[in-house]
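Survey of secondary and tertiary structure
Single-letter residue listing:
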Amino acid sequence: MLEIKNLHVAVDGKEILKGVNLHVRPGEVHAIMGPNGSGKSTLANVLAGRDGYVVTKGEINYLGRDLTTLEPEERAREGVFLAFQYPVEIPGVNNIYLLKAALNAIRKHRGQPELDAVEFLALVRDRMGLVKMPEDFMSRSVNEGFSGGEKKRNEIFQLAVLEPRLAILDETDSGLDIDALRVVADGVNSLRNPERSLVLVTHYQRLLDYIIPDQVHVLSDGRILKSGGKELALELEARGYDWVRAAAA
Amino acid sequence: MSQPNREIEQLVQREYEHGFVTDIESDTVPPGLNEDTIRFISAKKAEPDWLLAWRLEAFRTWQKMRAPNWAHVHHHPIDYQDISYYSAPRSPKDGPQSLEEVDPKLLETYAKLGIPLHEQKLLAGVAVDAVFDSVSVATTFKGKLAEAGVIFCSFSEAVQNHPELVRQYLGSVVPMGDNFYAALNSAVFTDGSFCYIPKHTRCPMELSTYFRINAAKTGQFERTLIVAEEGSHVSYLEGCTAPMRDENQLHAAVVELVALDNATIKYSTVQNWYPGDENGVGGIYNFVTKRGDCRGANSRISWTQVETGSAITWKYPSCILRGENSVGEFYSVAVANNYQQADTGTKMIHIGRNTRSTIVSKGISAGHGQNAYRGLVRIAKSAANARNHTQCDSLLLGDRCGAHTFPYMETKNSSAIVEHEATTSRIGDDQLFYCRQRGIAAEDAVNMIVNGFCKEVFRELPMEFAVEAQKLLGVTLEGAVG
Amino acid sequence: MSDPAVHEFLESWRGVTPVPGAPWFAPQRAAARQAFQARGFPTLHDEDWKYTDVRPIASRRFGSGTETGVDAGLTAAASFSAAGAHELLFLNGQFATAADPAPALPAGVIVMPMSRADARQNESLAAHLGRYADINKHGFLALNTALAGDGALIFIPDNVEVTIPVSLLFASAAGPQPTGTCPRNLIILGRNAAATVIECYTGTDDGEYLTNAVTEVRLGAGARLEHYRLQQEGKRAYHLGNLSVQQDQDSRLVSHAFALGGALARNEIDVRLAARGAQAVLNGLYVAGERQHLDNHTRIDHEQPHTTSAEHYRGVLTGRARAVFNGKVVVHKDAQKSDARQVNANLLLSDDAEVDTKPELEIYADDVKCSHGATIGRLDDNMLFYLRTRAIPAAVARSLLIYAFAEEVIQPIGFAPIRARLEQRVLGRLPDAEVIREFVQ
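1. Points about the overall build of chain A
From N to C terminus, chain A includes eight helices and 12 strands. Here the C-alpha atoms of chain A give a radius of gyration of 18 Å, agreeing with the 18 Å that 2.2 N^0.38 yields for 249 residues. If one aligns the C-alpha atoms of chain A with their principal axes, the spans along those axes are about 60 × 40 × 35 Å. Long-range pairs, those at least 24 residues apart, make up 67% of the contacts in chain A with a sequence separation of at least 6. Carbon and sulfur atoms form 48% of the exposed surface of chain A, whose accessible area is close to 10600 Å². Across chain A, the 31 positively charged side chains and the 36 negatively charged ones have centroids separated by 2 Å.

Quick look at the structure:
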C-alpha cells in the first residue's frame, strides 16, 4: 500500500525528516508516535502534498506509484485521505456541498457514476450516524463555528463518506474529551477493512486503547528510532521517549 | 440557465437567418454633441415638445458641470465630441446572420456560461425588452402583461403611448441636473424600458431587459423608469453585455424607480459589459445613476447587482426612504480583475419614520484590479427609529490588487441605530489545501470559496440569474489564482 | 494669485514672534507661507473637510495675547506638575518659567522650549523639524509652519527610559480681540528609548482664541511613546491639533486623544508605520455638547510588512453638538502581514446633535488582517431596563450607561492622574454625577 524509503523532507530550507522508512500493507494500522517537534505532522502533510514540504531525498510509493509527483487533489482521488490536526474554517461554503463535490470528484476518477442528490443524502445520513454528527451540521459552513471536538468528528465523518484507501489521522485525538474520543474511535474502527490502511499520528497512547494498531513507530528528530507491536505504545506511555532516544544514540 | 440570455440570443439569431453582413449596419449619427444632435434624436423619435425642451435644459445644465473626480478610479478624460449619440440597427433584417459572425470569444464566454446559442427556445415566464445599442428591438409577452394591466415597453413607445405617465415621473427621482452623467443621459438618452404596475397588481412574471452595445464609437444612454402603484409588486431583471473592442465605450444610463404605498420593486442586475483585455485595453466605462424612491408608506425597494464586467464601474444604486416604514436593500457583488476598476456602493437616505436599510457588499479584487465600496447612510432628523446595517467584505486574490472601503454615515436622529462592519480576507493557502486534499481541483476550490463569499448576495437573485451569476464569476476570475 | 483674505489673515496675525527663528528654518517658513497662500483654508469641497466648516476661523483676524495675563487658577487646574510630571508651561504661546523646579530627568534627556535651544540643540532641531508634518496636507499645517511659535523640544537618547511623565501645558486667554497661537513641538525618541508625553490645551471661556498646534514625533527602532492629548480649551475657542508620527522598526506608539473643549475643534493624528514591526495604538474620546463641533481625523499608513495598528474612538453627543470621525487606514503594496483594526462607536443623545463617521480602508496587499466597525446609536433599552429592575432610577441608569460607554476608552489610560481628570470631567457633565461616582469607584 504505502512504502516510504529513506524520506528526507525540508520545510523552509530546514530538514525535518531525515530518512524515514515505513511500510504499510493493506488493512494494517500503524501508529506514529513521538515527542513534539519530531516530524509527525510533517510526515502527514508531505503524504497529502502540502506546499512547502520539499522532498529532498528518498521516495514515497503508494500502490506502486510515486506519490510525490501527484497534486494534492490527485492524491485524494487516488484514495489518500488526511484528517487534519487543525481543520480550517471556510465561511460561506456549505459543509455538505464540499463533501458532495469531493465525493463526486473521487467517484468520477474511479470511473463510477456521480451520485445524485437523493443517493448522496442517503449515504450521508448513514455515515452521520457513525460519528454521531448533529443534524444541523448539514446546513452549516465548513467547520465554521464548530467546536474543536466537532471539527475532529467532521474529519472522521468525511473519512467515512469518502472511503479512502489510505487514511492518515493527524492528532485526531487531541482536544477530544473521553466520550468524543470513544465516538471517533468507534467510527474509525467500523471503517477498518482488509483493503484500507490507517496511519495514526498521535502524541499519546490514549487513542491506541481504542484503535488497536498493528505496529507502533517512534519518530524522533526526523527518524524512526524504534518500531514494535502495540505493547510499545504502553511502554512509551510508562517510560516516555527519552529511553528510546538514549538507546538509539 | 439564464432566460434573458436565451431571449436575446434568440432575437439575434432570428435575424441571423437572412443573408449576412459582418457588422450590423446601423443608422448612426456622426460623433459629436450639440443642441442639433439632441434635436435630431428627439425628432427621430417624434417626441413631444416638452420632452425636447427637457432634454435641452438638461444639456445646458450638463455644459456647466464637470465630471466628478472623487471616485477611486483613473481614466483618460472622455472626449464627448468623439462619441456617436444615436445608433439604431437599420432594420431587424440587417442584424448578424450567422453564428460564425459573432465574436468567437464572446461565444466562448457564453459556452462557459452554459447558454447553448443554437437551441434557444422561448421560455415562458420572462418578458424581455432587448435594447440593442440605442433602440429597443423587441418586447415579448406584451399581451399577457396587458391582461394584467402592466405596461412594459420601450421608453420610446411609452413616450408615444403613455406620455402623461412619462411626464409625471421622468426626472422625479433623478433630476436632470443630479450629476454630470445623469445630466448627459437626460440630454441624449435614446431608449430604454418603461414599466408601470397598476394598483394592487402583482406582476405575473419577471420583467427583463437585456442591453447590448454593438456599434463602435457609440455611447449607450438608456433610461429606465419603473413605477409601482399602491400595493403592487414587480421583479425586474437587467442583463448587459458588449462585444470586445479596443477603445473605451461609454455607458451612462439612468434608472428611476418609484414605489408608492405598500409597493415592492426588486431590481436585479447582472452586468457583464466588456471589461477590456488582460492588459487593460478597451472596455466599457459604466457610469450609471440608479435611484429608487420609496415614496409611499411600507414600500420596499431592493437592489441586487452582480458587477463582473466594465473597465470602470461607477454606480451607486440608491434608495430614498421617504415613506414611513419603508425598506431599502442593496446586495452587491463587484469583481475587479486584470485592470478593472470598480467604485460602487449605495446611498440610503432615511427620511421617514421607522425606515430600515440593509447593505451587503462583497468586493472581489484580482490581478491589478481596484475595487472600492463607497456608501452613504444618512439619517435625517425626521427619521425616528431608523435602522441601518451595513456589511462590507473584501476578498483579495493576489498581491497587486486593491480593496477599499469608504463608508459615510451621517446621523441626525438619536433614536436611529446605524451599524457598519467591514472585513478583508483572502483565500487562505490552508483553505485551498483542505479542499484539494478532499479531491477538489484548485480552480474549483477557488470557485467554491468565492461563491461561498458571495452567497448572501446570490441568494437574493432570482434562481436563473443566480446560476448565471455564479458561472460568470468563475469565468471572470479564471486564472486569477494559482 | 493668492486670495486677498488669506493674505490679510497672514498680515494681521499678531501671534508671538516666530520661534524657532534660526536662519536654517527660514526657507521652510517661506515655503510654508507660500503653500498656505496658494492653498488657503480648506473648504467643504475638500473631501477631508466636508463635515467641518472653518469659515469662522478664516473670517477672523487674530492678534497677540501676550499682553493679557492668564489666570493662575486656570493653569493650576490643568497642570500635572503636582502629580509628579516634568512640566513646561506656555502662556499665550510664550514659555513661562515655572515657579517650582521640575523633577530632574535622566542625563542626556532634553526637555526644553525651542526658544531656548542652543547651537547644538538647533542642530538636532534642524535635522527633524518639518520632516514629519506635511505642509501640503492642508492650509492649517502650512500655516503652523509659517507662523510657528514656541513649543517643546523633547529628545530622549538611545536606550534611555524616562519614567517621569513630561507635560506640555498650553494655556490661552483672549483679550478684547481674538488671539492666536501656533505652538510647534518636536519629540524625538532614540533607539529603545521610552517616554510619556502629555499635551494639554486649555484656555479661558470668556473670549475667542485660536490654537493651531502641530507636534512632530519620530520614534527610533524599539522606542516606546505613550502620548496624551487633552483638548480642554475654553468654550469659544478654535482648536486645530495635528500629531504627525513616523515610526521605525518595532517601535510602539500609544496615543490617547481626548477632545472635550472648544467651540470648533479638530484633532488629527497621522501615523506612518515606516518599518517592519512598528505598532500603533490609538484611543480616543470626544464628548460634545451645546453647539460644539468636534472633528477627529486619523490616518495610519502601513508602509511595511508586519505592522500593526489598533484604533478605538468613542464619542458622546448631546445638545446641538456635531462630531466627526474619519479614520483612514492605508495598507501599502507589499506591506504583507499587516494587521489593522478600527472601531468607532457613537452615542447620540439628542435629536439636535449629529454624528458623521467615515471609517476608511485602502488596501493594496492581500495577506493582511483589516477590519473596521462603526456604530451610531442610543443607550441600550435592555440595559436601561435591567438596571431599573434592579431598583436604579431611570435618570441615574442613563448617566451610568453613558459613563460606562466612555469609560471603555478612559480605562486604558496608564497615567492615573489623567484618568482621574477625565473621569471627573466626563462624569461632571452628567446629571447625578455624585451618585454614579459611587457606582464606578
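2. Regarding the overall build of chain B
A tally of regular secondary structure across chain B gives 11 helices and 23 strands. Within the span of chain B, comprising 482 residues, buried residues form 65% of the whole. Put simply, of all contacts in chain B between residues at least 6 apart along the chain, 86% involve residues at least 24 apart.

3. Regarding the interface of chain A and chain B
Taken together, the contact between chain A and chain B spans 33 residues of the former and 16 residues of the latter. Counting each side, the surface lost to burial between chain A and chain B is near 2000 Å², with a carbon and sulfur contribution of 62%. Sorting the residues of chain A by area buried against chain B places Glu73, Phe84 and Val88 of chain A first, and these three jointly supply 24% of that buried surface. At the junction of chain A and chain B, the tally comes to three salt bridges. For arginine 436 of chain B, the salt bridge goes to glutamate 71 of chain A, with nearest N and O atoms at 2.4 Å. At the boundary of chain A and chain B, one finds 12 residue pairs in polar contact (both at pLDDT 80 or more).

4. Points about the sheet that holds strand 5 (residues 65-66) of chain A
Residue and element names in this part refer to chain A. Strand order in the open sheet made by the four strands is 2-1-4-5, with antiparallel pairing throughout. The outermost strands of the open sheet, each flanked by one partner alone, are strand 2 (14-24) and strand 5. Across eight bridges, strand 1 (residues 2-11) lies against strand 2 in antiparallel orientation. Pairing of histidine 8 across the sheet is with lysine 18, part of strand 2. Against the sheet, helix 1 (residues 40-48) touches strand 1, strand 2 and strand 4 (53-62), its axis set at about 105° to strand 1.

5. Focus: the packing of helix 3 (residues 95-109) of chain A against helix 4 (residues 117-131) of chain A
Residues and elements named next belong to chain A. Here helix 3 crosses helix 4 at 110°, and the two axes come no closer than 11 Å. In terms of axis orientation, helix 3 runs roughly perpendicular to helix 4. Contacts from Ile96, Leu99, Lys100 and Leu103 in helix 3 reach Ala117, Phe120, Leu123 and Val124 in helix 4. Of the residues that constitute the contact of helix 3 with helix 4, the class distribution is seven nonpolar, no polar and one charged.

6. Digging into the pairing of strand 3 (residues 29-33) of chain A
Residues and elements named next belong to chain A. With five of its five residues buried, strand 3 lies for the most part within the structure. Of the two faces of strand 3, the one lined by Val29, Ala31 and Met33 and the one lined by His30 and Ile32 are each fully buried. Strand direction decides the pairing type here: strand 3 and strand 10 (residues 197-202), joined by five bridges, are parallel. Residue pairing across strands places valine 29 opposite leucine 198, the latter belonging to strand 10.

7. Quick look at helix 2 (residues 35-44) of chain B
Note that an α-helix has 3.6 residues per turn; residues three or four places apart therefore point the same way. All names here are of chain B. Taken residue by residue, helix 2 has Thr37, Ile38, Ile41 and Ser42 as its buried positions. Projected down its long axis, helix 2 shows its buried positions confined to an angular sector of 130°, all on one face. Counted as exposed and oriented over 90 degrees from the buried face of helix 2: Asp36 and Ala43. Capping the start of helix 2 is the job of one residue whose side-chain oxygen sits 2.8 Å from the backbone nitrogen of aspartate 36: asparagine 34. Following helix 2 by one or two positions, alanine 46 has its phi on the positive side, about 50°.

8. Quick notes on helix 8 (residues 394-410) of chain C
The first and last C-alpha atoms of helix 8 of chain C sit 24 Å apart over 17 residues, in line with the 24 Å expected at 1.5 Å per residue. Considered for burial, the residues of helix 8 of chain C that qualify are Val396, Ala397, Ser399, Leu400, Leu401, Ile402, Tyr403, Phe405, Ala406, Val409 and Ile410 of chain C.

9. Things to note about the confidence of the model for chain B
Residue and element names in this part refer to chain B. Here chain B averages 81 in pLDDT, and 79% of its residues register 70 or above. Contacts for the low-pLDDT stretch residues 132-138, under 50 throughout, to residues beyond four places or in other chains number 38 contacts. Scored as a complex, the prediction yields pTM 0.84 and ipTM 0.89.

10. Remarks on the sheet that holds strand 9 (residues 166-170) of chain A
Picture the strands of a sheet paired through backbone hydrogen bonds; they go either parallel or antiparallel. All names here are of chain A. The strand order across the open sheet built from six strands is 6-9-10-3-11-12, with neighbouring strands paired in mixed fashion. Across the chains shown, the open sheet's two edge strands, defined by having one partner strand only, are strand 6 (80-83) and strand 12 (223-228). In this sheet, adjacent strand axes meet at a mean angle of 20° when their direction is disregarded.

11. Details of the packing of aromatic side chains
All names here are of chain B. Evaluation of the coordinates by the stated rule reveals 31 aromatic pairs over all chains. Ring geometry for tryptophan 70 against tryptophan 314: centres 5.8 Å apart, planes inclined by 35°, an arrangement best described as tilted. Highlighted residues: tryptophan 70 in the loop between helix 3 (49-63) and strand 2 (87-89) and tryptophan 314 in strand 15 (residues 312-315), separated in sequence by 244 residues. Tryptophan 70 sits in the partly exposed class, given a relative accessible area of 39%. Residues phenylalanine 180 and tyrosine 181 carry aromatic rings whose centres are separated by 5.1 Å and whose planes lie at 90° to one another, so their mutual orientation is edge-to-face.

12. As for the side chain of lysine 40 of chain A
Residues and elements named next belong to chain A. With respect to the secondary-structure elements, lysine 40 resides in helix 1. A distance of 2.8 Å separates the side chain of lysine 40 from the backbone oxygen of glycine 34, its partner in a polar contact. Beyond its immediate stretch of four places on either side in the chain, lysine 40 contacts Ile32, Met33, Gly34, Pro35, Glu171, Val201, Thr202, His203 and Leu219.

13. Concerning the interface of chain B and chain C
Each partner contributes residues to the interface: chain B has 34 residues there, and chain C has 37 residues. Buried surface at the junction of chain B and chain C, summed over both partners, amounts to about 2900 Å²; 46% is from carbon and sulfur atoms. Of all residues in chain B, the largest losses of buried area upon contact with chain C belong to Tyr408, Met409 and Ser414 of chain B, amounting jointly to 19% of the total for that side. Summed over the shared surface of chain B and chain C, the result is five salt bridges. Aspartate 367 of chain C is the partner of arginine 426 of chain B in a salt bridge, and the nearest nitrogen-oxygen pair spans 3.3 Å. Counting every contact that joins chain B to chain C gives 18 residue pairs in polar contact (both at pLDDT 80 or more). Elements with a contribution of two residues or more to the side of chain B that touches chain C: strand 21 (387-397), strand 22 (402-411) and strand 23 (417-426) of chain B. At 10 residues, strand 22 of chain B tops the list of elements feeding residues into the side of chain B that touches chain C. By residue class, the composition of the side of chain B that touches chain C is 11 nonpolar, 14 polar and nine charged.

14. Some points on the state of the cysteines
Among covalent bonds in proteins, the disulfide is the one between the sulfur atoms of two cysteines. Residues and elements named next belong to chain B. Under the definition given, this model contains zero disulfides over all chains. Residue cysteine 195 stays outside any disulfide, its sulfur separated by 6.1 Å from that of cysteine 203, the closest cysteine. Distance from the sulfur of cysteine 294, which forms no disulfide, to the nearest cysteine sulfur (cysteine 319) is 5.6 Å.

15. Quick notes on the packing of helix 4 of chain A against helix 5 (residues 148-162) of chain A
Residue and element names in this part refer to chain A. Closest axis-to-axis distance for the helix 4/helix 5 pair is 9 Å, and the angle between their directions is 135°. Classed by the angle they form, the pair helix 4 and helix 5 counts as oblique. Along this stretch, helix 4 crosses helix 5, giving a crossing that reads as right-handed. For the pair helix 4 and helix 5, contact is made by Leu123, Val124, Arg127, Met128, Leu130 and Val131 and by Arg153, Ile156, Phe157, Ala160 and Val161, respectively.

16. Some thoughts on the pairing of strand 7 (residues 184-189) of chain C
Put simply, side chains in a regular strand alternate between the two faces of the sheet. Residue and element names in this part refer to chain C. Within strand 7, six of the six residues are buried, which leaves it mostly tucked inside the rest of the structure. Burial of the side chains of strand 7 extends over both faces: Arg184, Leu186 and Ile188 are buried on one face and Asn185, Ile187 and Leu189 on the other. Bridge count between strand 7 and strand 9 (residues 209-219): six bridges; the pairing is parallel. Within strand 9, the residue paired with isoleucine 187 across the bridge is valine 217.

17. Focus on the side chain of arginine 436 of chain B
Summarising the element assignment, arginine 436 of chain B is placed in helix 9 (residues 429-437). The contacts of arginine 436 of chain B, once residues within four sequence positions are left out, are Glu71, Pro72, Glu73 and Ala76 of chain A together with Ala442 of chain B.

How each quantity is defined
Residue positions are counted from 1 within each chain, in the order its sequence is given. Just so you know, chain letters begin at A and ligand numbers begin at 1, following the order they were written in. Confidence filtering applies because this is a predicted model: local features only for residues at pLDDT of at least 70, side-chain atom pairs given and counted only at 80 or more, and all residues used for totals across whole chains, interfaces and linings. Excluding hydrogens and water, the side-chain figures rest on all heavy atoms present in the structure. Strands here are runs of E lasting at least two residues and helices are runs of H or I lasting at least four, both read from the DSSP assignment and numbered beginning at the N terminus. Atoms considered for the radius of gyration are the C-alpha atoms alone. The globule rule reads 2.2 Å times the number of residues to the power 0.38. Contacts between residues were defined by any pair of non-hydrogen atoms, one from each residue, lying within 4.5 Å. Here the accessible surface of atoms and residues is derived via Shrake-Rupley with a 1.4 Å probe, and residues count as covered only by protein chains that are part of the display. In summary, the charge assignment counts Lys and Arg as positive and Asp and Glu as negative, without counting His or the chain termini. Where a charge sits is defined by one atom per residue type, namely NZ (Lys), CZ (Arg), CG (Asp) or CD (Glu). For each residue, the accessible area found with a 1.4 Å probe, counting protein chains only, is set against the maximum for its type, and the residue is called buried under 20%, exposed over 50%, and partly exposed in between. Note: buried area is the sum, over both parts, of the accessible area (probe 1.4 Å) each one loses when the two are combined. Should a side-chain nitrogen of Lys or Arg be within 4 Å of a carboxyl oxygen of Asp or Glu, the pair is scored as a salt bridge. Any N or O atom pair separated by 3.5 Å or less is treated as a polar contact, with the protein-specific requirement of one donor-capable and one acceptor-capable atom, and with residues adjacent in sequence counted only for side-chain atom pairs. Pairing between strands is defined by DSSP: at least two bridges between them are needed. A fitted line through C-alpha atoms serves as each axis, taken over the contacting stretch for helices, and the angle formed by two N-to-C directions is quoted from 0 to 180°. Roughly parallel here means an angle under 35 degrees, roughly antiparallel means over 145, roughly perpendicular means 65 to 115, and every remaining angle is called oblique. Side-chain classes follow a simple rule in which Ala, Val, Leu, Ile, Met, Phe, Trp, Tyr, Cys and Pro form the nonpolar group, Asp, Glu, Lys and Arg form the charged group, and the remainder, Gly included, forms the polar group. In this context, the arc is that of the directions from the helix axis out to the C-beta atoms. One less than the number of residues in a helix, times 1.5 Å, gives the span that helix is expected to have. pLDDT measures how confident the predictor is about each residue, on a scale from 0 to 100. Two rings from Phe, Tyr or Trp (for Trp, the six-membered ring) form a pair when their centres are within 6.5 Å of each other. A pair whose planes differ by under 30 degrees is stacked, one over 60 is edge-to-face, and the rest are tilted. Note that a disulfide, as used here, is simply two cysteine sulfur atoms within 2.5 Å. Note: crossing handedness is left-handed where the near helix turns anticlockwise from the far helix by less than a right angle, and right-handed where it turns clockwise.

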